[in-house]
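Structural features, examined
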Amino acid sequence: MLSKMMNIKTLFFTSLTGVTLLLIPSAVAQTSSVSNPESSRIIREAIATKRINWGLRQDSPPISFQDKIGGWQGFCTNLTDLLDKYLREKQFINNNINIVKYPISIQERFKKTRYPYKDSLHLAGECGSDSIRKGETGITFSHVFFATKTLLLIRKTEEPRFSFLKNNSLPSFSTDSRPKIGVINNSITSERLQSYFNYLISEMEIVNIPGGRSQLIKALLEKKVDAVASDEIILRRILNELDIETQDKFYIDSELAISYESYGLILPSDDTKWVEIINQFFIDKKDDIELLTKQHILLPPPPPLFTKELIFILLMIVATLSGLTWVAYMYWVRQNSRSETKSNLDPKTPIFADGYALLIGVGESAYQRLSLPVTVKDVQALHQVLVDPNFCAYPNDMQHVRLLHDQEATRNQILKELNWLKQEAQANPEATVVVYYSGHGWFSKSQNRYYLLPHDTDPLDLEGSSLSAEEFTNALRQIKSKRLLVIIDSCHAAGMATAKKAPSDFEEIPIPKSVIDDLSQGKGRVVFTSSQGEESSWIRPDNEMSIYTYHLIEALQGKGNQSRDDVVKISHLMNYLGNKVPESALTLCKKTQTPYFNFESEDFSVARLNNRPSNKTTGGLK
């Protein structure tokens, strides 16, 4: 369990610095241009005093710092200048008003910006490597402008003492020999360590270092601590500042991503109009800010490793292997396609000609710790029974049933396939549509918004890269079919450990009832979910399928029908799932799982029923 928690070698971060620019795309659609800037207290005070007081962190390179002669350097310096120019361009301030920069230490951040002001110096905002956090009174944060990971910088000679974090064995350190990890005093890094390592934190000693980054480096060099924890960009800056010989004595352990930190500007909490102006600045100047990020924070790409000639040879080898692979694959398809699904070649066999289905099992995630392999098994088994002429008898072609899983289950591809269903429903007024989603579902407490997590979800930008419930609902509403069944399995027990490592604003829960109500708006709309409340969706002990999908397939095969029935209706599915899922969850997993059904339409058919399963098997599946 512990090794699985720690094994994040396949993190999708492709940037060598391990950081990702975050300018939230969803904000572009949500934030309109600023109106009536005079309603801002900050703007009114600026007009009266001819100045805007602005704080810059003096000790957090490369984000913001002062050089040896007191000059301002780093990303925040240029960002503040860009903001100054922006305010004048928009005529929020005139040329008689200046932004005056003040140095702020990590110990003093928030103090001079917190409203109501308790300091003689009143700041309109602060810029530095300040992680967005909840619950700070008197201040708020702007949109995210950058993100990074919290990692460990370890002395190489001490590497064996940290190996217990990556294997299943607990250490046996004495009190005096526990590894010491230094953190900057007054930072949130200590809290992040406590949360991430949980009970293992008792095997380490967390040392709070006063005095900021310089003292942190000093404690490491003087061997007062064995490692230090901080933002990756700061740790890389520390390494770069050491001489070559000293650099070789330390390494950054990128396998232990302790947390993901999002940076924002610190702003007074009372002036919502000022916050609106700042957030609009991030949207309007997105391209300029991205250039500043590349200039100050992101390391340049490495020099090319291959010559043009070697690249050409490699490409020829790859092309040859690809051709051979394709030939072998096509041969395999021809040999196996007949055995996977029985084609409906007998014209006398009834088919469910108006049935259409989109089956989404996210499976492998670009961020490995979000992967749920069982969801792929679920959709493949579900597809098998839908197109089986002996049971549901959906036409076995891409114009009626489509699967999305692993690399195909991206946000854009899901929306594209929902649009395909829209077009099919327009062309066939009698269409019956089934949409099945199995994967993670996370809820943002601050945004009060639910998100489905596709393959290409970026945990540093969940809001921008995931599929929001609003987008999903709007896409479903475009499907003007008389009969639509939406099935969502979005709270997998296998993913709960992963969910604990999500940004603190997010939690993994079943899809909320308010979202279900939105999904079911309209005639002929029915929504099923695999669990409700704070329950999880559980996997069978054989790991072949989830409990919910196993019984859904049984119901589609007629286990909930009477002997005289020749179709499977919504009521058949509800009655069978409502009885069997809680029973199996309790028997197999000793857990509670209660399906939820929003059913206010007519009791329509979702499949044919051309045959019956035996009592011992479920369509050949375990």
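The paragraphs below set out a description of the structure included in this document. (Residues numbered from 1 in each chain as written. Predicted model: local features only at pLDDT ≥ 70, side-chain atom pairs only at ≥ 80, totals over all residues. Heavy atoms only, no water.)

Concerning the environment of Lys523
In this structure, Lys523 sits in the loop between α17 (513–519) and β23 (525–529). Separated by 43 residues in the primary sequence, Lys523 and Lys480 have C-alpha atoms spaced 9.3 Å apart. The contact partners of Lys523, leaving out residues within four places of it in the chain, are Ser481 and Lys482. (Helix = DSSP H or I, 4+ residues; strand = E, 2+ residues; numbered from the N terminus. Contact = heavy atoms within 4.5 Å.)

Some thoughts on the sheet that holds strand β21 (residues 483–489)
Across the sheet, which stays open at both edges, the six strands sit in the order β16-β15-β17-β21-β23-β25 with mixed pairing between neighbours. Looking at which strands have only one partner, the edges of the open sheet turn out to be β16 (401–405) and β25 (596–599). When the angles between neighbouring strand axes are averaged without regard to direction, this sheet yields 10 degrees. Where strand β15 (residues 355–361) and strand β17 (residues 432–438) come together, seven bridges link them in parallel fashion. Looking across to β17, one finds that Gly355 is bridged to Thr432. Here helix α15 (residues 469–477) sits on the sheet in contact with β17, β21 and β23, set at roughly 160 degrees to β21. (Pairing = 2+ DSSP bridges. Axes fitted to C-alpha atoms, helices over the stretch in contact; angles between N-to-C directions.)

A word on the sheet that holds strand β2 (residues 59–60)
Pairing within the open sheet is antiparallel, and its three strands lie in the order β2-β3-β4. Across the chains shown, the open sheet's two edge strands, defined by having one partner strand only, are β2 and β4 (72–73). Examined bridge by bridge, strand β3 (residues 64–66) and β4 share two bridges and lie antiparallel to one another. Along β4, the bridge assignment pairs Gln66 with Trp72.

Brief notes about the state of the cysteines
Overall, the coordinates contain one disulfide when judged by the stated rule. Here Cys76 engages in a disulfide with Cys127; their sulfurs sit 2.0 Å apart. As the torsion about the S-S bond is roughly -70 degrees, the Cys76-Cys127 disulfide counts as left-handed. Of this pair, Cys76 sits in helix α4 (residues 75–89) while Cys127 sits in strand β6 (residues 125–127); the two residues are 51 residues apart in sequence, bridging distant segments of the chain. According to the relative accessible area criterion, Cys127 is buried, its value standing at 1%. (Disulfide = S-S within 2.5 Å. Buried < 20%, exposed > 50% of the residue type's maximum accessible area, 1.4 Å probe, protein only.)

Considerations on the nonpolar core
The tendency in soluble globular proteins is for nonpolar side chains to be buried as a group. If you look at the biggest cluster of nonpolar residues, it comprises 65 residues, and the most contacted ones within it are Ile52, Trp54, Leu87, Leu153, Leu265 and Trp274. In contact with Trp274, not counting residues within four places along its chain, are Ser40, Ile42, Ile43, Ile52, Trp54, Leu87, Ala124, Leu267 and Pro268. Counting residues in each nonpolar core, the second largest holds 41 residues, with Val387, Cys392, Ile553 and Ile570 among its members. (Core = buried A, V, L, I, M, F, W, Y, C linked by side-chain atoms within 4.5 Å.)

Observations regarding the environment of Ser129
Mapped onto the secondary structure, Ser129 falls in the loop between β6 and β7 (139–141). Expressed as a C-alpha distance, the spacing of Ser129 and Ser64, which sit 65 residues apart in the sequence, is 7.4 Å. The contact partners of Ser129, leaving out residues within four places of it in the chain, are Arg57, Ser60, Ile63, Arg109, Asp231, Ile234 and Tyr263.

Considering empty space enclosed by the protein
What the rule picks out here adds up to five cavities of 30 Å³ or more. In this model, the largest cavity occupies a volume close to 230 Å³. Along the walls of the largest cavity sit 21 residues, with Ser129, Ser187, Thr189, Ser230 and Asp231 positioned nearest its centre. Secondary structure elements with two or more residues in the lining of the largest cavity: β2, α5 (189–197) and β11 (227–231). (1 Å grid on protein atoms, 1.4 Å probe; cavity = no way out; pocket = protein on both sides within 12 Å on 5 of 7 lines; lining within 4 Å. Points joined across faces, edges and corners; volume = space filled by probe spheres on them.)

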